[in-house]
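Coordinates in review
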Amino acid sequence: MSEKLDLLYQEFQQALCGSASRAETLDLKAGYLGSKGKLSSILKSLKDMSPEERKQVGSKSNEYKNKIEADISAKLQALDSEEISKKLEKQWVDVTLKDSNLDLGLNAAGYHPVTLVQREIEDIFSSMGFDILDGPHIEDDWHNFGALNIPSDHPARDMQDTLWFPDGVHLLRTHTSPVQVRGMESKKPPFKFIVPGKVFRAERTDASHETVFHQVEGMMVDKNITVSNLIYFMKTMLSEIFKQDVKIQLRPGFFPFVEPGFELDMYTEQLGWLELIGCGMTHPNVLRAGGIDPDKYSGFAFGMGLDRLVMMRYAINDVRLIHSADLRFISQFRSF
Ligand code: DAH
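All figures in this text were calculated on a predicted structure; none of them were measured in a lab. Throughout, residues of each chain are indexed from 1 in the direction in which the sequence is written. Only residues with pLDDT of at least 70 get local features here, since the model is predicted, and only at 80 or more are side-chain atom pairs given and counted; chain-wide, interface and lining totals rely on the full set of residues. For the side-chain quantities, the full set of heavy atoms in the structure was used; hydrogens and water were omitted.

Some words on the overall build of the chain
Helices and strands together make up the secondary structure of the chain, namely 12 helices and nine strands. Put simply, the radius of gyration uses C-alpha atoms, and a globule should come to 2.2 Å times the residue count raised to 0.38. Relative to the compact-globule value of 20 Å for 336 residues, the chain shows a C-alpha radius of gyration of 37 Å, a clear excess of over 25%. Taken over the C-alpha atoms alone, the chain extends approximately 110 × 55 × 50 Å along its principal axes. Any residue under 20% of the maximum accessible area for its type is buried, any over 50% is exposed, and the rest in between are partly exposed; the area is computed with a 1.4 Å probe on protein chains only. Per-residue burial over the chain gives 40% buried out of 336 residues. A sequence separation of at least 24 residues applies to 65% of the contacts in the chain between residues at least 6 apart. Reported accessibility uses the Shrake-Rupley method at a 1.4 Å probe radius. Residues are deemed covered only where the shown protein chains occlude them. Carbon together with sulfur atoms contributes 53% to the accessible area of the chain, which is approximately 19100 Å² in total. For the chain, the distance from the average site of its 39 positive side-chain charges to the average site of its 48 negative ones is 8 Å. Put simply, DSSP marks the helices as runs of H or I at least four residues long and the strands as runs of E at least two long, and each gets a number from the N terminus on. We call two residues contacting when some pair of their heavy atoms lies within 4.5 Å. Under this rule, positive means Lys or Arg and negative means Asp or Glu; His and the chain ends count for nothing. For charged residues, the charge sits on one atom: NZ in Lys, CZ in Arg, CG in Asp, CD in Glu.

Some thoughts on the pairing of strand β4 (residues 191-200)
The buried count for β4 comes to eight of 10 residues, which makes it a mostly enclosed element. Summarising the sheet, strand β1 (residues 131-132) and β4 pair through two bridges and their orientation is parallel. For Asp-131, the partnering residue across the bridge sits in β4 and is Phe-193. Only strands that DSSP links by at least two bridges are regarded as paired with each other. As paired elements, β4 and strand β5 (residues 212-222) share 10 bridges and run antiparallel to each other. Looking across to β5, one finds that Lys-192 is bridged to Met-220.

Examining the packing of helix α6 (residues 113-127) against helix α9 (residues 227-242)
A fitted line through C-alpha atoms represents every axis, and for helices the fit uses only the stretch in contact; the resulting angles, taken between N-to-C directions, go from 0 to 180 degrees. At a closest axis distance of 10 Å, the pairing of α6 and α9 adopts a crossing angle of 135 degrees. Comparing the axis directions of α6 and α9 gives the class oblique. Between α6 and α9 the crossing geometry is right-handed. In this structure, α6 contributes Glu-120, Ile-121, Ile-124 and Phe-125 to the contact, and α9 contributes Met-237, Glu-240 and Ile-241. Following the grouping adopted for this structure description, the nonpolar residues are Ala, Val, Leu, Ile, Met, Phe, Trp, Tyr, Cys and Pro, the charged ones are Asp, Glu, Lys and Arg, and the polar ones are all others, Gly among them. Within the contact of α6 with α9, the residues separate by chemical class into five nonpolar, no polar and two charged. Between 65 and 115 degrees an angle is taken as roughly perpendicular, under 35 as roughly parallel, over 145 as roughly antiparallel, and anywhere else as oblique. When the near helix sits turned anticlockwise from the far one by under a right angle, the crossing is termed left-handed; a clockwise turn instead gives a right-handed crossing.

What to know about the pattern of salt bridges
Basic side-chain nitrogens of Lys or Arg form a salt bridge, by our definition, when they fall within 4 Å of a carboxyl oxygen of Asp or Glu. Counting across every chain of the model gives 11 salt bridges. For Arg-251, the salt bridge goes to Asp-265, with nearest N and O atoms at 2.7 Å. Taken as a pair, Arg-251 in strand β6 (residues 247-252) and Asp-265 in strand β7 (residues 258-268) lie far apart in primary sequence, 14 residues in all. One salt bridge connects Arg-328 with Asp-326, and the closest N-O pair in it is separated by 2.7 Å. In this structure Arg-328 comes out as exposed when scored by relative accessible area, which is 67%. The partly exposed category is assigned to Asp-326, whose relative accessible area is 23%. One continuous salt-bridge network, built from bridges that share partners, spans Glu-120, Lys-243 and Arg-313.

Digging into the packing of aromatic side chains
Any two rings among Phe, Tyr and Trp, with Trp reduced to its six-membered ring, count as a pair given centres within 6.5 Å; such a pair is stacked if its planes are under 30 degrees apart, edge-to-face if over 60, and tilted if neither. Going through the model one piece at a time under the given rule, you end up with 14 aromatic pairs. An aromatic cluster is defined as three or more aromatic residues linked by ring pairs; in this entry it consists of Phe-125, Phe-130, Tyr-232, Phe-233, Phe-300 and Phe-302. A cation over an aromatic ring shows up here: Arg-119 above the ring of Tyr-111, its NZ or CZ 4.5 Å from the ring centre. In our convention, an over-ring charge means Lys NZ or Arg CZ found within 6 Å of a ring centre and within 35 degrees of that ring's normal. Positioned over the ring face of Tyr-267 is Lys-247, at 4.9 Å from the centre of the ring.

Some details on the domain arrangement of the chain
Domain start and stop points were drawn from an automatic or database domain assignment. According to the domain assignment, the chain contains domain 1 (2-91) and domain 2 (101-333). Centre-to-centre, using C-alpha coordinates, domain 1 lies 73 Å away from domain 2.

Notes on the side chain of Thr-176
When you line up the elements, Thr-176 lands in the loop between β3 (170-172) and α8 (178-186). At 2.8 Å, the side chain of Thr-176 forms a polar contact with the side chain of Glu-217. Among all residues touching Thr-176, those that are not within four sequence positions of it are Val-195, Gly-197, Val-199, Gln-215, Val-216 and Glu-217. Any N or O atom pair separated by 3.5 Å or less is treated as a polar contact, with the protein-specific requirement of one donor-capable and one acceptor-capable atom, and with residues adjacent in sequence counted only for side-chain atom pairs.

Quick look at the structure:
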C-alpha cells in the first residue's frame, strides 16, 4: 500500500508538470483530493486495514495530501504570475516617452482664460446652492424666443442678428436664456441655477464684438422672490469676482422675459461705473411657458457677458483673441 502511495504521488507530480492552466490544475486537484479522488479513496479504505497498516498508511497518506495541496497552490501561483508577465509584455507602455504635442496642450498652455473665470463663477454660485446647467447650442424658435415672451416681430428675431438654419425653426442660440426654459421644464420650484456657455450672433467682428461669445445666465424661482433677492445675489457675486465690496445700481432696462427689467451697473474706484448685467423679475408669461404657476411662484433672472469680465481680469484688449487658438495668447494664463 505504501508503494502504491509513492506511485500515486509520482503520477500526480507528472500530471501537474503537464498542466498548463488554472482549470486543468484545479481538475487535477479534484482528481486526487476531491471526495471521489484517488487519495481520498485510499483514506476511505483505511477502516478495512489492520491497526498496524492503518497507522502507517494513514500517516503517509496525510503527508502526501499535504504535499499535493502545497504543490497545487505553488502551481497556481506560478500560473498567475506567468499570466501577469504575459499581459505586461503585451500592454507595455514607456512611461518615460515624451510627446511634444502633449506639452503644448497641457503643460505649456494651461487653461483658457474663459475657463478660468467661468470656473470661478461656478464655484461662487455652487457655494450659494445654485445648480450649474448646460443646454444645446442649436436651439429652436420656441426656447430661444417664443417661451421667453419675445414676440415674432421683435428685432431680436431679425435675420441679421440670428444665425438660422435653413428650416427656419432651428438656430444657434443667441443667448443663454433658453436654458431658463429648459431648467423650468426639468425642475420643480423652488430651484436656482446658473448656465455658463457659448452664444452666437451674426455680428460684424471688431475688438469688442465677436460672433461667438460667452454668457452666464441665472435664474431663481421660489415663493415670494423679490428684487431684494436679486440684488443680494448680484452684489455677492460681483464682490467675490472683484474681491472687494462693490457698489451696484439698477436702471430700468427692457428685456421681454422680465418685468420689471433692469440694467445693473457696478462701481469700483479703479473702473468707475460699468454696465455689466441684464436682469429682472421673471415675466409671468415666461413662468407659465415653463409650466410654473405665476400666482404661486415668482423668480428673478439675469444674464451677463463673460468675455468682458475675462478681458478686464486679464487686461485683454481684443475679444477676438479669445477664439484665436493662438498658443502665444493662451499660454499666458496657466493657473495650476
Ligand atoms: N438674454 C439677454 C441678452 O442676451 C440678457 C439677459 C437680460 C438675460 C435680462 C436675463 C435677463 O436673464 O433677465 O441680452
